[in-house]
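Single-letter residue listing:
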Amino acid sequence: MGNKKKLNVIILGSTGAIGIKLAKKFYQDGENIFLFYKNKKKGKILKKIFKKKTNQKISFETINIENKKSLKNKILRNKEIFKSCDILINTIGELGEIKNFFNLNIKKFYRTFNINFFSYVHFFKFLYPLIKKKKDLLIILFSGGGASSLRENFSSYSLSKIALVKFTEILAKEFINKKIRINSIAPGIINSKMNQKILKAEKNIVSKKEILRLKKFLKISEKTIDKVYLLIKFLNSSKGKKISGKMISSMWDKPAHWDNKTINKIISNDYLTMRRKE
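J.: Kindly report on the side chain of Ser184, identifying the contributing residues and their values.
T.: With respect to the helices, strands and loops of the structure, Ser184 is situated in strand β6 (residues 180-186). Judged by relative accessible area, Ser184 falls into the buried class, the value being 1%.

J.: Lay out the pattern of salt bridges in plain terms, naming residues and giving numbers.
T.: Under the definition given, this model contains 12 salt bridges. Between Glu94 and Arg111 there is a salt bridge, with its nearest N and O atoms 2.7 Å apart. Residue Glu94 is located in the loop between β4 (87-90) and α5 (106-131), and its partner Arg111 is located in helix α5; the two are separated by 17 residues in the primary sequence. The residue Arg181 makes a salt bridge to Asp136 at a minimum N-O spacing of 2.8 Å. Note that Arg181 is positioned in strand β6 and Asp136 in the loop between α5 and β5 (137-142), a separation of 45 residues in sequence. For Asp136, a relative accessible area of 26% gives the class partly exposed. The network of salt bridges with common partners includes Lys38, Glu66, Glu94 and Arg111.

J.: I'd like a rundown of the environment of Ser244, residues and numbers included.
T.: Relative to the helices and strands, Ser244 resides in the loop between α9 (221-235) and β7 (247-249). Between the C-alpha atoms of Ser244 and Glu169, which are 75 residues apart in sequence, the distance is 7.7 Å. With sequence-adjacent residues up to four places away left out, Ser244 is seen in contact with Ala172, Ile180, Arg181, Ile182 and Asn183. Only 3.0 Å separates the side chain of Ser244 from the backbone nitrogen of Ile182, close enough to count as a polar contact.

J.: Describe the packing of helix α1 (residues 17-28) against α9, with residues and values.
T.: Where α1 meets α9, the closest approach of the two axes is 10 Å, and the angle between their N-to-C directions is 60°. Two packed elements cross with a definite hand, and for α1 against α9 that hand is right-handed. Across the interface between the two elements, Ile18, Lys21, Leu22, Lys25 and Phe26 of α1 pack against Glu222, Ile225, Asp226, Val228, Tyr229, Ile232 and Lys233 of α9. Among the residues making up the contact of α1 with α9, the classes are represented as seven nonpolar, no polar and five charged.

J.: Kindly report on unusual backbone geometry, identifying the contributing residues and their values.
T.: Located in the positive-phi region is Asn153, a residue other than glycine, with phi close to 75°. Assignment of secondary structure puts Asn153 in the loop between β5 and α6 (155-174). The phi dihedral of Lys254 is positive, around 50°, even though this residue is not glycine. Positionally, Lys254 belongs in the loop between β7 and α10 (260-268). Owing to a relative accessible area of 46%, Lys254 belongs among the partly exposed residues under this scheme.

J.: How would you sum up the sheet that holds β4? Please name residues and give values.
T.: Taking strand neighbours across the sheet as the criterion, the seven strands line up as β3-β2-β1-β4-β5-β6-β7 in an open arrangement whose pairing is parallel. Every other strand in the sheet has two partners, leaving β3 (58-62) and β7 as the edge strands with one partner each. Across the sheet, the mean angle separating the axes of adjacent strands is 20° when strand polarity is ignored. One ladder, built from six bridges, connects β5 with β6; its direction is parallel. Within β6, the residue paired with Ile139 across the bridge is Ile182. The sheet contacts of α1 involve β1 (8-12), β2 (32-37), β3, β4 and β5, and relative to β1 the element is tilted by about 165°. Strand contacts of α9: β4, β5, β6 and β7, with the helix running at about 150° to β5, the strand carrying the most contacts.

What counts, and where the lines are drawn
Residues numbered from 1 in each chain as written. Predicted model: local features only at pLDDT ≥ 70, side-chain atom pairs only at ≥ 80, totals over all residues. Heavy atoms only, no water. Helix = DSSP H or I, 4+ residues; strand = E, 2+ residues; numbered from the N terminus. Buried < 20%, exposed > 50% of the residue type's maximum accessible area, 1.4 Å probe, protein only. Salt bridge = Lys/Arg side-chain N within 4 Å of Asp/Glu carboxyl O. Contact = heavy atoms within 4.5 Å. Polar contact = N/O pair within 3.5 Å; in protein donor to acceptor, adjacent residues only side chain to side chain. Axes fitted to C-alpha atoms, helices over the stretch in contact; angles between N-to-C directions. Left-handed = near helix turned anticlockwise from the far one by under 90°. Nonpolar A, V, L, I, M, F, W, Y, C, P; charged D, E, K, R; others polar. Pairing = 2+ DSSP bridges.

Encoded structure:
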């Protein structure tokens, strides 16, 4: 165990609910963690939580994914970190307005799309020259609620996440180096600012069914993040490394039960992708 190679794990959005919880999991497992975040004040909290241990690398960096020039410069300044990365996790996203589409502020709609989708487009454009020769890399993105089902009054969030899921599938296909694998995870309900915003939404904007479901699963949100972490570990295992370009639910897909027959089914057809049902 003592000779096990430490993973180099990059987490973008590491002050958010998913980011910080995953960072704690990798930190507790002794992996090297490289944390990127926007808010400097919250970054100071990270520095108090994650103290460097012997033979464990930890770094903290601000990043502004909405500014293309700043994003490119930040990636280039940290190119050695990105080049040495084993697992890259991008959790960045925002909920946007919860309203009927025709009542949305179009500028806010564009901003949500910019954060949830176009920032990823720019990120991979700038990143790819640094990683294209990697011998092994797992990239994890997050699909979010509404990417695979109708979610009324969440159009800016749902549509931007649908775009991100399809982008994941396209990248998996168009990465010339197939040792770079990318998947999107549907994480289930996490105790986050997003979900607290939903609970506080105007009456009749969010369905009673969704509110009840949200309250139910918030009670077990710690178990939910455990499942996300285990799914990432599985996707980085020898068995999971065959899988790329998929949208996987950490709550419902149960990868721990996948045998070779199931995995071959997943990688050989449209299973776990967005397709029209026949």
